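Overview (structure and organization)
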Amino acid sequence: MYVSARTDYAVRAMLAITAGQPGLVKAAELAAAQDIPLSFLQGILLDLRRAGLLHSHRGVDGGYALARPAETITVGDVVRAVGGALTTVRGLPTATTTYHGAATGLRDVWVAVEEAIEGVVDHKTLAELSTPITN
């Protein structure tokens, strides 16, 4: 599994927002705290909002908050929101891969890889990974 900067930033942002709960976290503060370029982060936050993982609140007192409890949001949810499928073979979903002849068994390997990754990222929640911020 290749973890892009976008995916890494998204998970880090979600963990920082989780740690800031129940308050709102401003994008600029989040970018500074996590050393993420603000313009890049804004696109990521938009994708996370569109995926139903974040709520945004406008105004001077605005910011971002989780749309669901941290106990119900997995790392896999975040990864899929910003990057799509967890695994692909030649850009196609792993489950649709077909091989013939000597390579017939290869599909089973790719499916097992996908299941192993899902077994980790779909069972690790933001709540399990988050460290509350104390002032």
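The preceding data block contains the structure.
Below: a short report on this structure. Here the structure is a predicted model, which is why all the values come from computation and not from measurement.

**Structural notes on the nonpolar core**
One finds Met14, Leu45, Leu48 and Val78 to be the most contacted residues of the largest nonpolar core, which totals 30 residues. Sorting the residues of this core by element identifies helix H1 (5-19), helix H2 (27-34), helix H3 (38-50), strand S2 (63-66), helix H4 (75-83) and helix H5 (106-121) as the ones contributing at least two each. With seven residues, H1 is the single largest residue contributor to this core. Excluding residues within four positions of it along the chain, Leu45 makes contact with Ile17, Ala27, Leu30, Leu54 and Tyr64.

**Things to note about unusual backbone geometry**
That bond from Gln21 to Pro22 is cis: its omega, 10°, falls within 30 degrees of zero. Here Pro22 shows up in the loop between H1 and H2. One non-glycine residue, Asp35, adopts positive backbone phi at about 55°. Within the secondary structure, Asp35 is located in the loop between H2 and H3. Overall, Asp35 belongs to the exposed group, its relative accessible area being 65%.

**Here's the deal with the environment of Gly43**
Mapped onto the fold, Gly43 is located in helix H3. A sequence separation of 33 residues divides Gly43 from Ala10, and the C-alpha atoms of the two residues are 9.9 Å apart.

**Brief notes about H4**
Along H4, the residues that are buried comprise Val75, Gly76, Val78, Val79 and Val82. Here the buried residues of H4 occupy an arc of 160° about the axis, which is enough to place them on one side. Along its buried surface, H4 packs onto H1, H3, H5 and helix H6 (126-129). Positive phi appears at Gly84, one or two residues downstream of H4, with a value of about 80°.

**A word on H1**
Its 15 residues give H1 an end-to-end C-alpha distance of 21 Å, which sits within 8% of 21 Å, the value for a rise of 1.5 Å per residue. Within H1, burial applies to Thr7, Tyr9, Ala10, Val11, Ala13, Met14, Ala16, Ile17, Thr18 and Ala19. Summarising the contacts, the buried residues of H1 are in contact with H2, H3, strand S1 (54-57), S2, H4 and H6.

**Considering the pairing of S1**
Where S1 meets S2, four bridges bridge the pair, whose relative direction is antiparallel. Bridge pairing in S2 links Ser56 to Tyr64. The loop that links S1 with its antiparallel partner S2 comprises five residues; one of these, Gly59, has a positive phi angle of about 105°.

**Side note on the packing of aromatic side chains**
Taken as a whole and assessed by the stated rule, the structure comprises one aromatic pair. Considering the side-chain rings of Tyr9 and Phe40, the 5.6 Å spacing of their centres and the 80° angle between planes classify their relative orientation as edge-to-face. You can see Tyr9 sitting in helix H1 and its partner Phe40 sitting in helix H3, a full 31 residues away along the chain. Residue classification places Tyr9 among the buried residues on the basis of a relative accessible area of 16%. Its relative accessible area of 32% is what places Phe40 among the partly exposed residues.

Thresholds, definitions, all that
Residues numbered from 1 in each chain as written. Predicted model: local features only at pLDDT ≥ 70, side-chain atom pairs only at ≥ 80, totals over all residues. Heavy atoms only, no water. Core = buried A, V, L, I, M, F, W, Y, C linked by side-chain atoms within 4.5 Å. Buried < 20%, exposed > 50% of the residue type's maximum accessible area, 1.4 Å probe, protein only. Helix = DSSP H or I, 4+ residues; strand = E, 2+ residues; numbered from the N terminus. Contact = heavy atoms within 4.5 Å. Arc of directions from axis to C-beta. Expected span 1.5 Å × (residues − 1). Pairing = 2+ DSSP bridges. Phe/Tyr/Trp six-rings, centres within 6.5 Å; stacked < 30°, edge-to-face > 60°.

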